[in-house]
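One-letter residues, chain by chain:
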Amino acid sequence: MKNREEVRTLFKTKKVPLTHQRLAVYEELSGRRDHPSAEALYESLRKAYPSLSLATVYKTLQTLHEMGMVARVDSPAAQARYDAIVETHHHAVCTACGRIEDLFDPRLDALPEPKAAGFVISGHSVHFHGLCAKCAKAPSTRTIKEK
Ligand SMILES: [Zn+2]
Ligand SMILES: [Zn+2]
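Every chain is numbered independently, its residues counted from 1 as its sequence is written. A letter from A marks each chain and a number from 1 marks each ligand, given out in the order of writing. Reporting of local features is limited, given that this is a predicted model, to residues whose pLDDT is at least 70; pairs of side-chain atoms are given and counted only at 80 or more, and all residues count toward the totals for whole chains, interfaces and linings.

Along the backbone of the protein there are six helices and five strands. Secondary structure follows DSSP: runs of H or I at least 4 residues long count as helices, runs of E at least 2 residues long count as strands, and numbering of each begins at the N terminus. Tracing the protein from N to C terminus, the helices and strands come up as α-α-α-α-β-β-β-β-α-β-α. With the C-alpha coordinates aligned to their principal axes, the bounding extent of the protein is approximately 45 × 40 × 25 Å. Our exposure labels follow a C-beta count within 10 Å of each residue's own C-beta, placed from the backbone: buried means 20 or more other C-beta atoms, exposed means 12 or fewer, and partly exposed covers the counts in between. Here the protein, with 147 residues, has 18% of them falling under the buried criterion.

And the structure:
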């Protein structure tokens, strides 16, 4: 995650204009650990930025992703989820409520590269799925919401 000065420098280096809205999307995402979807980010930002549109949030996330500042998280839900932590880490995904938690584990970082025919591996991220602490306690929510 980058602070405001680092963000400014990065945009300048990459010659991408840093608008208020782009900065707002990045700062909102880096302030959250719930791996929000574009829709969730838009919902939290629309009050403070009435001129912001969902399309702008999508485009900004795409730009930040291309700049290497934001990662997309694999999720069983249909919506893409975003992460301001781009360093290697792993996730636990709740199949009931869609909650995604970060996992930092050097044993997972050190997984041996599989031999996949002709495939040049550039990285990996392990994804465990199951029920989060809250959903595990509430049997009535044991349904997959989105597929
Ligand atoms: Zn859950
Ligand atoms: Zn994460």
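Here the narrative resumes, following the displayed structure.
With respect to the secondary-structure elements, His89 resides in the loop between strand 2 (81–83) and strand 3 (90–94). C-alpha of His89 to C-alpha of Asp105: the two residues are 16 residues apart in sequence and 7.3 Å apart in space. Any pair of residues counts as being in contact when their C-beta atoms, constructed from backbone geometry, are within 7 Å of one another. His89 has contacts with Asp102, Leu103 and Phe104, leaving out every residue within four places of it along the chain.

Now for the nonpolar core. In these notes, a nonpolar core means any group of buried Ala, Val, Leu, Ile, Met, Phe, Trp, Tyr and Cys residues linked to one another through C-beta atoms within 7 Å. Within the largest apolar cluster, 14 residues are counted, with the highest numbers of intra-cluster contacts made by Val25, Tyr26, Leu29, Leu41, Val57, Leu61 and Val70. Counting only elements with at least two residues in this core, the list comes to helix 1 (4–13), helix 2 (20–30), helix 3 (38–45) and helix 4 (54–66). Aside from chain neighbours lying at most four places away, what touches Leu61 is Val25, Ala38, Val70 and Tyr82.

Now for the domain arrangement of the protein. Delimitation of the domains relies on an automatic or database domain assignment. As far as domains go, the protein holds domain 1 (4–73) and domain 2 (87–141). For domain 1 and domain 2, the distance between their C-alpha centres works out to 24 Å. Contact with domain 1, which involves four residues of that partner, is made by four residues of domain 2. Here the residues of the side of domain 1 that touches domain 2 are counted per class, giving one nonpolar, one polar and two charged. Three classes are used, and their members are as follows: Ala, Val, Leu, Ile, Met, Phe, Trp, Tyr, Cys and Pro are nonpolar, Asp, Glu, Lys and Arg are charged, and the others, Gly among them, are polar.

A separate point is helix 3. Within the sequence span of helix 3, burial applies to Ala38, Leu41 and Tyr42. Projection of helix 3 onto a plane perpendicular to its axis shows the buried side chains occupying an angular sector of 100°, all on one side. Within this analysis, the arc is defined by the directions that extend from the helix axis to the C-beta atoms.

What follows deals with the sheet that holds strand 4 (residues 100–103). Criterion used throughout: strands pair if DSSP finds at least two bridges between them. Strand order in the open sheet formed by three strands is 4-3-5, with mixed pairing between adjacent strands. Across the chains shown, the open sheet's two edge strands, defined by having one partner strand only, are strand 4 and strand 5 (127–130). Between one strand axis and the next, the sheet turns through 20° on average, direction left out of account. Angles shown run from 0 to 180 degrees and are taken between the N-to-C directions of axes, each axis being a line fitted to C-alpha atoms and, for helices, limited to the stretch in contact.

Along the polypeptide, Leu29 turns up in helix 2. In this view, Leu29 contacts Pro36, Leu41, Val70, Tyr82 and Ala84; residues no more than four positions away in its chain are not counted.

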